Amino acid sequence: MAQSAVPATAVPAITPISLKSIAWAVFFGILMLVLLYFVGAEQGATAVVSGEGVHEWVHDGRHLLGFPCH
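Residues numbered from 1 in each chain as written. Predicted model: local features only at pLDDT ≥ 70, side-chain atom pairs only at ≥ 80, totals over all residues. Heavy atoms only, no water.

## Structural notes on the overall build of the protein chain
Put simply, the rule reads: Counting from the N terminus, the helices are DSSP H or I runs at least four residues long and the strands are E runs at least two residues long. Contacts are residue-level and defined by heavy atoms, with any inter-residue pair within 4.5 Å sufficient.
A count of helical and extended segments in the protein chain gives two helices and zero strands. Considering only contacts in the protein chain between residues 6 or more positions apart, those separated by 24 or more positions represent 16%.

## What to know about the packing of aromatic side chains
Put simply, the rule reads: Two rings belonging to Phe, Tyr or Trp (six-membered ring only in the last case) form a pair when the distance between their centres is within 6.5 Å. Interplanar angles under 30 degrees mark stacking, angles over 60 mark edge-to-face geometry, and anything in between is tilted.
Counting across every chain of the model gives three aromatic pairs. On the numbers, 5.7 Å between centres and 25 degrees between planes, the contact of Trp-24 with Phe-28 is stacked. Separated by four residues within a single helix, Trp-24 and Phe-28 lie in helix H1 (residues 19–40), roughly one turn from each other. Judged by centre distance (5.2 Å) and plane angle (65 degrees), the ring pair of Phe-27 and Phe-28 falls under edge-to-face.

## Concerning a nonpolar patch on the surface
For clarity, the threshold we go by: Patches draw on residues past 30% relative accessible area with no salt bridge. Two like charges within 9 Å are joined, as are two nonpolar side chains (Val, Leu, Ile, Met, Phe, Trp, Tyr) within 5 Å. Each accessible area is a Shrake-Rupley result for a 1.4 Å probe, and residues are judged covered by the shown protein chains and nothing else. Here a salt bridge means any side-chain nitrogen of Lys or Arg lying within 4 Å of a carboxyl oxygen belonging to Asp or Glu.
Residues Ile-17, Leu-19, Ile-22, Val-26, Ile-30 and Val-34 make up a contiguous nonpolar surface patch of roughly 600 Å² in combined accessible area. Residue position: Leu-19 is located in helix H1.

## As for helix H2 (residues 53–64)
Residues separated by three or four positions in an α-helix point in the same direction, a consequence of the helix having 3.6 residues per turn. Rules: The rule is simple: take the accessible area with a 1.4 Å probe, protein chains only, and divide by the maximum for that residue type; under 20% is buried, over 50% is exposed, in between is partly exposed.
Every buried residue of H2 is accounted for by Val-54, His-55, Val-58, His-59 and Arg-62. Elements in contact with the buried residues of H2: H1.

Structure (structure tokens):
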């Protein structure tokens, strides 16, 4: 009567996150922030590139993501 209906399972070992995977996550995070800047804010008050080139390249993506540009 002392037997359990649920078998005992071993607790899985926690594997540490490697420094390499953290570096990749930081790299892609920065890359996504730069992309978000160019799609959402370039050609505005904080423009890095002069002219309308960047605006024309990301125009449709800007509308797709809901950023106003007109």
